[in-house]
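# Coordinates in review
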Amino acid sequence: MKVRSLFAFSILLSAISGTANATTYSLPENSNDSVITEFTYDVPLTRAEQNETLPDVARHFLLGQTEIVRLNPNVDRWQVKKDEIVRLPNRRILPDTPHEGITLNIAEYRMYYYPPTPKGAVPQVMSYAHGIGRQDWKTPLGKTSIVRKVKDPAWHPPESIRREHAANGDPLPVVVPPGPHNPLGAYKMHLAVPGGYLIHGTDIDKIYGIGMQITHGCVRMYPEDIEALYNSVPVGTPVYMVKQPIKVGWLDNTLYVEAHPDLEGEETTLDQKLDVALTLIQKANIARDGVYAASQSGTGAPEFDREALKQALTALDGNPVALYQRLLQKDLPVSLPTHGIKQGYL
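If you're wondering where the values come from, they're calculated on a predicted model, not measured in any experiment.

Definitions and limits used
Residues numbered from 1 in each chain as written. Predicted model: local features only at pLDDT ≥ 70, side-chain atom pairs only at ≥ 80, totals over all residues. Heavy atoms only, no water. Helix = DSSP H or I, 4+ residues; strand = E, 2+ residues; numbered from the N terminus. Buried < 20%, exposed > 50% of the residue type's maximum accessible area, 1.4 Å probe, protein only. Contact = heavy atoms within 4.5 Å. Areas by Shrake-Rupley, 256 points an atom, 1.4 Å probe, with all protein chains shown as cover. Polar contact = N/O pair within 3.5 Å; in protein donor to acceptor, adjacent residues only side chain to side chain. Pairing = 2+ DSSP bridges. 1 Å grid on protein atoms, 1.4 Å probe; cavity = no way out; pocket = protein on both sides within 12 Å on 5 of 7 lines; lining within 4 Å. Points joined across faces, edges and corners; volume = space filled by probe spheres on them. Nonpolar A, V, L, I, M, F, W, Y, C, P; charged D, E, K, R; others polar.

## What about the overall build of the chain?
- Along its length, the chain carries 8 helices and 17 strands.
- Split into buried and exposed, the 346 residues of the chain put 49% on the buried side.
- If you take every contact in the chain between residues at least 6 apart in sequence, the share linking residues at least 24 apart comes to 69%.
- As displayed, the chain has an accessible area near 17,200 Å², and 54% of this comes from carbon and sulfur atoms.

Structural data, given as structure tokens:
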């Protein structure tokens, strides 16, 4: 593992030089697979070029602060020393939503945008980090859509927010004009959700809050990301807002699990997480193999690495962990039934 990690690191240095852009993944060739991969190796790493912080590293790679902190539990968030190694994310499991429009999985502070696929091209998904509403200003869930787009918006703080700021000794004006200190950033997109919820950019004062639970309910993005998204999605684009802290998905006949921490104000036990994961594993196997999987185990879930599952649900670092490798049809005993297999999205 040590040799492999160093090898991955040497490749990564040449691959990530220059300015980072939003991550674009090709969707798996098998339509039933839902694990996307950025790099061809498992553990991409970067070396700090100077003394900095994990939020600095997250900003450079357009990652969320929470995800990079969880991936690097042994690195001081506020003191990354020059030449210190920092782990970066690689694989992600797509949320269990239609592969169209935008999906916001608030449990992982991450957005997935499925652009239209030109004829003959490989389908892609673009992934962006974002901030979400804090405990007392929760981001809503459900299906909605983009209903309006505005460039260089002024901000009219709601009375409730103005009262909150005034109570904290930080009074707000009635209108904040466009500019570097406007909390909406340079772009905003209105969602068809009561209460005026938005997907918007950020100001220079809050840029390190991307990937955290700190907003008044809206979805906050890096300036580069919101600009790219704003210029890509038309009004009417569907938006699926979900909370899926545990995800399960296939890639090349291997089943993976990905787990994230509870949001503020929520607390689930390890047993509760296990129950959710087992249900998702069963669902993934039945969706993959249909009648065959269910008939072989009775539960639709064959034996898998339960210790790996427990570790994933304990670490909660968002890194997909392999649980089970499915035998190919040619490797199965000839006496087993091969009919009745169903296909479909997870």
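Moving on from the coordinates now.
## Some words on the side chain of Glu67
- Locating Glu67 in the fold gives a position in helix H3 (residues 65-71).
- Within the structure, Glu67 has its side chain in polar contact with the backbone nitrogen of Gly64 (distance 2.9 Å).
- Once residues lying within four places of it in the same chain are set aside, the contact partners of Glu67 are Pro89, Arg92, Arg110 and Ala129.

## Focus: the pairing of strand E6 (residues 101-105)
- Most of E6 sits inside the fold, with 5 of its 5 residues counted as buried.
- Across 5 bridges, the pairing between E6 and strand E7 (residues 110-114) is antiparallel. For Asn105, the partnering residue across the bridge sits in E7 and is Arg110.
- As consecutive antiparallel partners, E6 and E7 are separated by 4 residues, and within that stretch Tyr109 has a phi angle of approximately 55 degrees, a positive value.
- Relative to strand E14 (residues 238-242), E6 runs parallel, the two sharing 4 bridges. Residue Leu104 lies in a different strand from E14, and its bridge partner there is Met241.

## Focus: empty space enclosed by the protein
- Using the criterion set out here, one finds 2 cavities of 30 Å³ or more in the structure.
- Its volume calculated, the largest cavity comes out at about 180 Å³.
- If you go around the largest cavity, you meet 19 residues; those closest to its centre are Glu67, Arg92, His260, Asp317 and Gly318.
- Here the residues of the lining of the largest cavity sort into 7 nonpolar, 5 polar and 7 charged.

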